[in-house]
Amino acid sequence: MMRRYGAALATVLLVIAVVPPLSAWWEASLVRHLLLQVPMLVLAGLIFGSLLARRSRFLPGSGQMEGVAAVLLAAFCLAFWMLPRWLDAAVADPRVDAAKAGSLVLLAGLPLGWGWSRLRPVARAFIWANAVSMLAAMGVLYLTFPDRLCNNYLASEQPELGRALLGLALVLGLAGAARAMLDGRTRPGDPLAGGH
Amino acid sequence: MRPDPQMPSLDVAARRTIAANLAVTGLVLLLMMLVGLLLRLTQAGWLGLEPDLFYQFMTVHGVGMVGIAALGGASVMWYFLSQYVRLNSGVLAANLVLFLIGVVMILGADLIGGFAAGWTFLYPLPARSSGVWGTAAAAWHLGGLLLIGVGFLLVCLEIGRALVSSYGGLGRSLGWPQLFGTSMADPPPPTVVASTMVVIVTTLALVAGATIIVLSLVNLMVPSFEIDPLLAKNIIYFFGHVFINATIYMAVIAVYEILPRYTKRPWKSSRVFLAAWTASTTMVLVIFPHHLLMDLVMPRWTMVLGQVLSYTNSFPVLVVTGLGALAIVHRSGIRWDMVSGLLFLAMFGWMAGVVPAVVDATIIVNSVMHNTLWVPGHFHFYLLLGLVPMIFAFMYYVTADRQDATSEDYDRWALRVYIAAGLGFVVMFLYAGRHSVPRRWAVHLPEWVLYDQLASIFAVLVLLAAGLFVWRFLVRVPRLLAAG
């Protein structure tokens, strides 16, 4: 299912995110830009990355470290595009916009999809916890920062984005907690799972 | 028959890590006790610490004690939980490394950089020192806290992974199917239930803690970025309250595991037991407003919630554990030695220490007692006489030997001194608090000095007794390493 439709879904996401005039519509609002267009680009790359990961084989014992390296690369790329200055530049300069689309697909989504399946559950959970924490911190930053951060966006959009980021942190946190609480499956095949 | 400390599920690496954790816990505990003694000697007028240094030491003492409470508690939890689920000891070792790096950062920031904002690092104090410390010192301190938090987060996530893998979700390892009657299977053992609670609340606390530390760091670097101080205080107290509470829930696992071995009676997870732990899991997350009762702009309902749930939160787990301990020991023929003696002291310290805590969480009392020495009185009560004895009992337990006595005469004398002097020490705090002596003052008025002097004498005795306990552990560590 994933193999059959994954590439098509990723392509559709990519087209919706970057093809004019849709791209201009996403970027016309700070909230749409950061919370819809950017995630679509990352998701497209993530699907491609996970498809590639299924086809590839990795050396025994190397998987975890490959995963860490890939996810770190994705984290740095995402951190870069969290900077308001670069979001602003992407709206003003088509070259920066192209670099944004390319890097979010190839340097954030792709390594994330590639590396995620190689990470052990604790590393995944750590990324989840870190994402919740940083989304909340970003939310408070946007909610309370007194100055206008972007030339292309109104100052009034910043608290909107802040509230959206806080909401996203809450949803992500609750989703992770609910999954851990109500998982419902034991994993006898997990090499680290013990009997009781 | 002497209880058997052999834990077949612990490999050599895990034993080494537990031993290193406990050694660091013991040594840092003694160092922090010494720092605390210097603070009391200064207030007593017997030592002339400059106020700057006093507040640096106060910060180091506070954050250091919270850190070792967590390190010692995590060691207890990890050791006993390993019987039921398979844990990756590399994570515990990583936590120790991160902890030590964080400690070095904090000590450097506080003692060299002069950071002295208290362990609660209340916003915006780190960034507004009036020139007492620099931005770099505050950043190093907060960075050290962040690193230590990352280590404990990894421990929680590893334990959470193991529980989910083995039980099929934290709800199951908390015993929900048995509690709500959807399963007739045996409930999870008390250690698993307590560990699940700890994982849930500590993970949430650490995520919140990381958020506010990052925001404080941003404020340090960009002072024009200001967050709502009340929001910051709420997040800090959510993190701090839950985290320090969780340390005692980690350590109480020693009671659930060791007393049954001593009495040869099982400690079962009854439905009441499961209900108590589920109730406390929820309530411990929402009672932190009792720290903000004098923040009069807080919504009234949060104050009411903070007071009412403070009453109800403490008692379920306390009652099931206290009554359970009494029931299991009654007419069991238990042999009293250092381990059982320290565990019973711990039960007393925990239960009695909650009383002044709950008193202070009452709004009408808090309006008088807030920021008096009553507050350190209550938390020293259940930490010094509750949590720390649990860790000492665990140290004696894991280094016990079949061929050798668990305790000598001087151990028992040290225990008596620890009990008497510990009680005297905390009573001096509470008594001074009753007379409205403020907390966190480097210089005390002459009328208050007698309490400080008596407390200093008691503190010396506590330190000597604790020094003996830790020394006994350190010289017997090879037994723990060889037990595998």
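Anyway, here's the lowdown on the structure attached to this text. (Residues numbered from 1 in each chain as written. Chains lettered and ligands numbered in written order. Predicted model: local features only at pLDDT ≥ 70, side-chain atom pairs only at ≥ 80, totals over all residues. Heavy atoms only, no water.)

Looking now at the overall build of chain A. Scanning chain A from terminus to terminus reveals eight helices and zero strands. The secondary structure elements of chain A, listed N-terminal to C-terminal, are α-α-α-α-α-α-α-α. Taken across its 196 residues, chain A has 40% of its residues classed as buried. Within chain A, contacts between residues at least 6 apart in sequence are counted, and of these 73% link residues at least 24 apart. Here chain A has roughly 10,600 Å² of accessible surface; of this, 71% comes from carbon and sulfur atoms. (Helix = DSSP H or I, 4+ residues; strand = E, 2+ residues; numbered from the N terminus. Buried < 20%, exposed > 50% of the residue type's maximum accessible area, 1.4 Å probe, protein only. Contact = heavy atoms within 4.5 Å. Areas by Shrake-Rupley, 256 points an atom, 1.4 Å probe, with all protein chains shown as cover.)

In terms of helices and strands, chain B carries 16 helices and zero strands. Its C-alpha atoms give chain B a radius of gyration of 22 Å, near enough to 23 Å, the size a compact globule of 484 residues would have. If one aligns the C-alpha atoms of chain B with their principal axes, the spans along those axes are about 60 × 50 × 40 Å. Evaluated residue by residue, chain B yields a buried proportion of 65% over its 484 residues. Contacts in chain B between residues at least 24 apart in sequence constitute 84% of all its contacts with a sequence separation of at least 6. Of the side-chain charges in chain B, 26 are positive and 20 negative, and the distance between the mean point of each set is 11 Å. (Rg over C-alpha atoms; globule rule 2.2 N^0.38 Å. Lys, Arg positive; Asp, Glu negative; His and termini not counted. Charge placed at Lys NZ, Arg CZ, Asp CG, Glu CD.)

Turning to the interface of chain A and chain B, a few remarks are in order. Taken together, the contact pairs 33 residues of chain A with 35 residues of chain B. For the chain A and chain B pair, buried surface summed over both sides reaches about 2,700 Å², with 71% attributable to carbon and sulfur atoms. At the boundary of chain A and chain B, one finds zero salt bridges. For the side of chain A that touches chain B, the elements supplying multiple residues, two or more each, are helix 7 (121-144) and helix 8 (157-181) of chain A. (Buried area = accessible area lost by both parts, 1.4 Å probe. Salt bridge = Lys/Arg side-chain N within 4 Å of Asp/Glu carboxyl O.)

Another point: a nonpolar patch on the surface. Residues and elements named next belong to chain B. A surface patch of nonpolar side chains, about 690 Å² in accessible area, is lined by Trp46, Val417, Leu450, Leu454, Ile457, Val460, Leu461 and Leu464. Position of Leu454 relative to the elements: it lies in helix 16 (residues 449-482). Judged by relative accessible area, Leu454 falls into the partly exposed class, the value being 34%. (Patch = residues over 30% accessible without salt bridge, like charges linked within 9 Å, V, L, I, M, F, W, Y side chains within 5 Å.)

Residue and element names in this part refer to chain A. Direction vectors running N to C along helix 3 (residues 30-55) and helix 8 enclose 30 degrees, while the axes themselves pass 8 Å from each other. If you check the angle between helix 3 and helix 8, you find them roughly parallel. On the side of helix 3, the interface is formed by Leu30, Val31, Leu34 and Leu35, while helix 8 contributes Glu157, Gln158, Glu160, Leu161, Ala164, Leu165 and Leu168. Along the lines of polarity and charge, the residues of the contact of helix 3 with helix 8 split into eight nonpolar, one polar and two charged. (Axes fitted to C-alpha atoms, helices over the stretch in contact; angles between N-to-C directions. Parallel < 35°, antiparallel > 145°, perpendicular 65-115°, else oblique. Nonpolar A, V, L, I, M, F, W, Y, C, P; charged D, E, K, R; others polar.)

The nonpolar side chains of a soluble globular protein tend to be buried with one another. Residue and element names in this part refer to chain B. Counting 224 residues, the largest nonpolar core has Trp277, Trp350, Phe392 and Tyr418 as the members making the most contacts within it. Here this core takes 18 residues from helix 7 (residues 190-221), the largest share from any one element. Aside from chain neighbours lying at most four places away, what touches Tyr418 is Met33, Leu345, Leu384, Leu385, Val388, Pro389, Phe392, Leu423, Val462, Ala465, Ala466 and Phe469. Counting seven residues, the second-largest nonpolar core is a separate cluster that includes Leu39, Leu49, Phe57 and Met58. (Core = buried A, V, L, I, M, F, W, Y, C linked by side-chain atoms within 4.5 Å.)

This brings us to the pattern of salt bridges. Residues and elements named next belong to chain A. One pass over the full model with this rule turns up twelve salt bridges over all chains. Two residues, Lys100 and Asp97, come together in a salt bridge whose shortest N-O distance is 3.2 Å. A residue pair is termed a helical-turn pair when its members lie 3 or 4 positions apart in one helix, as Lys100 and Asp97 do in helix 6 (residues 94-116) at three residues. The class of Lys100 is buried, set by a relative accessible area of 1%.

A few words now on unusual backbone geometry. Omega for the peptide link from Pro20 of chain A to Pro21 of chain A comes to 0 degrees, which places this bond in the cis form. Note that Pro21 of chain A resides in the loop between helix 1 (2-18) and helix 2 (22-27). Its identity as a non-glycine residue notwithstanding, Arg331 of chain B has a phi of 55 degrees, on the positive side. Mapped onto the elements, Arg331 of chain B comes out in the loop between helix 11 (300-329) and helix 12 (338-360). In this model, Arg440 of chain B sits at a positive phi of 60 degrees, which is unusual for a non-glycine residue.

Here we come to helix 16 of chain B. If you check helix 16 of chain B, its first and last C-alpha atoms are 49 Å apart, about what 34 residues at 1.5 Å a residue would give, namely 50 Å. Approximately 50 degrees is the largest bend angle found in helix 16 of chain B, and it occurs at Arg476 of chain B, with the proline Pro478 of chain B only one to four residues beyond. (Expected span 1.5 Å × (residues − 1). Bend = angle between axes of the 7 residues up to and from the residue.)

Moving on, we get to the side chain of Gln158 of chain A. All names here are of chain A. Tracing the chain through its elements places Gln158 in helix 8. Exposure remark for Gln158: the relative accessible area of 3% places this residue in the buried category. A polar contact is formed between the side chain of Gln158 and the backbone oxygen of Asp147, at a distance of 3.1 Å. Here Gln158 is in contact with Leu30, Tyr142, Leu143, Phe145, Asp147, Arg148, Leu149 and Cys150, once residues within four sequence places are set aside. (Polar contact = N/O pair within 3.5 Å; in protein donor to acceptor, adjacent residues only side chain to side chain.)

Residue position: Asn234 of chain B is located in helix 8 (residues 229-251). Contacts of Asn234 of chain B, omitting those with residues within four sequence positions, involve Phe288, Leu292 and Met298 of chain B.

Residues and elements named next belong to chain A. For helix 4 (residues 63-82), built from 20 residues, the straight-helix expectation of 28 Å at 1.5 Å per residue is met to within 8% by its first-to-last C-alpha distance of 28 Å. Residues of helix 4 that are buried include every one of Gly63, Gly67, Ala70, Val71, Ala74, Cys77 and Trp81, and no others. Viewed along the axis of helix 4, the buried residues span an arc of 120 degrees, placing them on a single side of the element. Exposed positions of helix 4 whose direction lies more than 90 degrees from the buried face are Met65 and Phe76. In this structure, the buried side of helix 4 is in contact with helix 3, helix 5 (84-92), helix 6 and helix 7. (Arc of directions from axis to C-beta.)

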